[in-house]
Amino acid sequence: MELIRKWLDRVLEVVCCLVLAMMVAVSCWQVISRYIVGQPSTITEELLRFSLVWISMLGMAYVAGKQQHISLTILVDKVSPRLRSIWLIILQLTFVAFSVWILIIGGLKISSISMLQVSPALGIPMGQVYYALPIAGVLIIIYSVMNIIDALKALSSPYSQHVEK
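Reference entry: report on the structure contained in this document.

So, how was this worked out
Residues numbered from 1 in each chain as written. Predicted model: local features only at pLDDT ≥ 70, side-chain atom pairs only at ≥ 80, totals over all residues. Heavy atoms only, no water. Core = buried A, V, L, I, M, F, W, Y, C linked by side-chain atoms within 4.5 Å. Buried < 20%, exposed > 50% of the residue type's maximum accessible area, 1.4 Å probe, protein only. Helix = DSSP H or I, 4+ residues; strand = E, 2+ residues; numbered from the N terminus. Contact = heavy atoms within 4.5 Å. Axes fitted to C-alpha atoms, helices over the stretch in contact; angles between N-to-C directions. Parallel < 35°, antiparallel > 145°, perpendicular 65-115°, else oblique. Expected span 1.5 Å × (residues − 1). Polar contact = N/O pair within 3.5 Å; in protein donor to acceptor, adjacent residues only side chain to side chain. Left-handed = near helix turned anticlockwise from the far one by under 90°. Nonpolar A, V, L, I, M, F, W, Y, C, P; charged D, E, K, R; others polar.

## Side note on the nonpolar core
- Grouped together as the largest cluster of nonpolar side chains are 21 residues, with contacts concentrated most on Met57, Leu139 and Ile140.
- Listing elements by their share of this core, those giving two or more residues are α1 (2-37), α2 (44-66), α3 (81-114) and α5 (132-156).
- Per element, the largest residue contribution to this core is seven residues, and it comes from α5.
- Sequence-distant contacts of Leu139, defined by excluding residues within four places in its chain, comprise Leu8, Leu12, Leu58 and Ala61.

Below you can see the structure in the form of C-alpha cells.
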C-alpha cells in the first residue's frame, strides 16, 4: 500500500509541477505578446483558467492524501491517540462521501451537460475541463481508503490503547 501511495504522490507531484510550469510560461507569453509584441494572445487567458481548475482539483487530492488539508486541531491534539484515530476515520469517511456525491456524481453530471458547449478560444468541449472533478474525487477516495487503513492499524496497535494522562 505504501508503494501505491508513493507512486500516486509522485505522479501528482510531477503533473502539478508540469501544469504550474506551463501556467508560468503561458502567463509570461501573455505579458510579452501584449506589451512587447503588441498582439495579445487569444488563447492564454482561457488556457490559464482551465489549467487553474485542473491544478486546484489535483492539488486538493494530493493534499487530502498527505493529510495536510486545513483543519482545526486544537481539540484533536489534546485527546488520546485512540480518539485521534477514530476522528481521522470519521474525517476520511466524510471525504469519501463528499468525493462520491459532489465530485464524482456532480462532476460527471456537469461534464455531460457541458460536453456540447465549446470553449471560444481553445475550441475544446467544456465537459473535458470539468472532468477534473470526478478524477480528483476518485483520487481522494483512493487516498482516503489508504488513510482509513492506516488509522485502523494505529487503532489496533497497543500504543493507542493507553489513555494519555
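## Quick word on the packing of α2 against α5
- Two elements in contact, α2 and α5, have axes separated by 8 Å at closest approach and are oriented at 5°. On the basis of the axis angle, α2 is roughly parallel to α5. Facing Val53, Trp54, Met57, Leu58, Met60, Ala61, Tyr62, Ala64 and Gly65 of α2, the residues of α5 in contact are Ala132, Leu133, Ile135, Ala136, Leu139, Ile140, Tyr143 and Asn147.

## Describing α1
- Taking 1.5 Å per residue as the helical rise, α1 with its 36 residues ought to reach 52 Å, and the 50 Å between its terminal C-alpha atoms agrees with that figure.
- Those residues of α1 that sit buried are Arg5, Leu8, Asp9, Leu12, Cys16, Val19, Met23, Val26, Gln30 and Ser33.
- Where α1 terminates, the next one or two residues include Gly38, which has phi positive at roughly 85°.

## Notes on the side chain of Asn147
- Looking at the element boundaries, Asn147 is found in helix α5.
- The class for Asn147 is buried, based on a relative accessible area of 1%.
- For Asn147, the side chain forms a polar contact with the side chain of Arg5, separated by 3.0 Å.
- Not counting residues within four places of it along the chain, the set of residues in contact with Asn147 comprises Arg5, Ala64, Gly65, Gln67, Leu88 and Gln92.

## Description of the packing of α1 against α2
- Contact geometry of α1 with α2 gives a least axis separation of 9 Å together with a crossing angle of 155°. By the angle between their directions, the pair α1 and α2 is classed as roughly antiparallel. Crossing hand, α1 versus α2: left-handed.
- For the contact of α1 with α2, the class distribution of residues is 15 nonpolar, six polar and five charged.

## Description of α2
- Here α2 is 23 residues long and its end C-alpha atoms lie 32 Å apart, about the 33 Å a rise of 1.5 Å per residue gives.
- Here α2 has its buried residues at Thr44, Glu46, Leu48, Phe50, Ser51, Ile55, Met57, Leu58, Gly59, Ala61, Ala64 and Gly65.
- Looking at the buried side of α2, the elements it contacts are α1, α3, α4 (126-130) and α5.

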